[in-house]
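Overview (structure and organization)
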Protein chains: 2
Amino acid sequence: MSFLDYFRSQRKRSANVAKERLQIVVARERATRGGPDYLPELQSEILKVIRRYVEVDQDAVQIQLDREGDCEVLELNITLPDRH
Amino acid sequence: MSFLDYFRSQRKRSANVAKERLQIVVARERATRGGPDYLPELQSEILKVIRRYVEVDQDAVQIQLDREGDCEVLELNITLPDRH
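Now for a description of the structure that goes with this document. (Residues numbered from 1 in each chain as written. Chains lettered and ligands numbered in written order. Predicted model: local features only at pLDDT ≥ 70, side-chain atom pairs only at ≥ 80, totals over all residues. Heavy atoms only, no water.)

Turning next to the nonpolar core. Core analysis: the largest hydrophobic core is formed by 34 residues, its most contacted members being A:Ile24, A:Val26, A:Ile50, A:Ile78, B:Ile50 and B:Ile78. Looking at this core, the elements that each hand over two or more residues are β1 (20-29), α2 (39-53) and β3 (71-80) of chain A together with β1 (20-29), α2 (39-51) and β3 (71-80) of chain B. Once you skip the residues sitting within four places of it in the chain, A:Ile78 turns out to touch A:Glu20, A:Arg21, A:Leu22, A:Ile24, A:Leu47, A:Ile50, A:Val56, A:Ala60 and A:Val61. By size, the runner-up hydrophobic cluster in this structure holds 16 residues, among which are A:Val25, A:Val73, B:Tyr6 and B:Val73. (Core = buried A, V, L, I, M, F, W, Y, C linked by side-chain atoms within 4.5 Å. Buried < 20%, exposed > 50% of the residue type's maximum accessible area, 1.4 Å probe, protein only. Helix = DSSP H or I, 4+ residues; strand = E, 2+ residues; numbered from the N terminus. Contact = heavy atoms within 4.5 Å.)

What follows is the structure, given as structure tokens:
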């Protein structure tokens, strides 16, 4: 399965209203435990970069951080304003 | 299915060698056609941000851009050097 299929399959969960949405996922698999945990900082910097391209309301961003074993996943779901 | 499951399921495709890997996905669903296509530029800026946290070889980055209907997906797969 490609990410495109995954992304499209998620659409059903969101409201039926035609809105523009942006999803940014940063996933990391570590070979060994330890090392700095830079994902939260990376996320905030990526959001800054995105804001240079589109207007993003603070409350339009949903952030989720999942950890399981040696995998960490940071997910940002952004609903873009209609005017874009 | 969560992205974590998706990310873990992809592991089978990569080599069995224990390497650290990083995946960054930027997906966009447009309500209407048109508007600027900022995904490639956004990708290059995100890569710059990542380089501030980890050392990334130019040839360790695989970039894929998929388009289907109103969805665009930009996928960056990075194999990190062992020393990280």
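This paragraph deals with α2(B). For an α-helix, 3.6 residues make a turn, and residues three or four places apart therefore share a direction. Here α2(B) spans 18 Å end to end across 13 residues, near enough to the 18 Å set by a 1.5 Å rise per residue. Looking only at α2(B), the buried set comprises B:Leu39, B:Leu42, B:Gln43, B:Glu45, B:Ile46, B:Leu47, B:Val49 and B:Ile50. Taken together, the buried residues of α2(B) touch α2 of chain A together with β1, β2 (61-68) and β3 of chain B. (Expected span 1.5 Å × (residues − 1).)

Now for the pairing of β1(A). Most of β1(A) sits out of view: 10 of its 10 residues are buried. By the alternation rule, side chains of β1(A) split into A:Glu20, A:Leu22, A:Ile24, A:Val26 and A:Arg28 and A:Arg21, A:Gln23, A:Val25, A:Ala27 and A:Glu29, which are all buried. Note that β1(A) and β3(A) share 10 bridges and pair antiparallel. In the strand pairing of β3(A), A:Arg28 is matched with A:Glu72. Relative to β1(B), β1(A) runs antiparallel, the two sharing 9 bridges. Following the sheet pairing, A:Val25 is matched in β1(B) by B:Val25. (Pairing = 2+ DSSP bridges.)

All quantities given are derived from atomic positions and should not be read as evidence of function.
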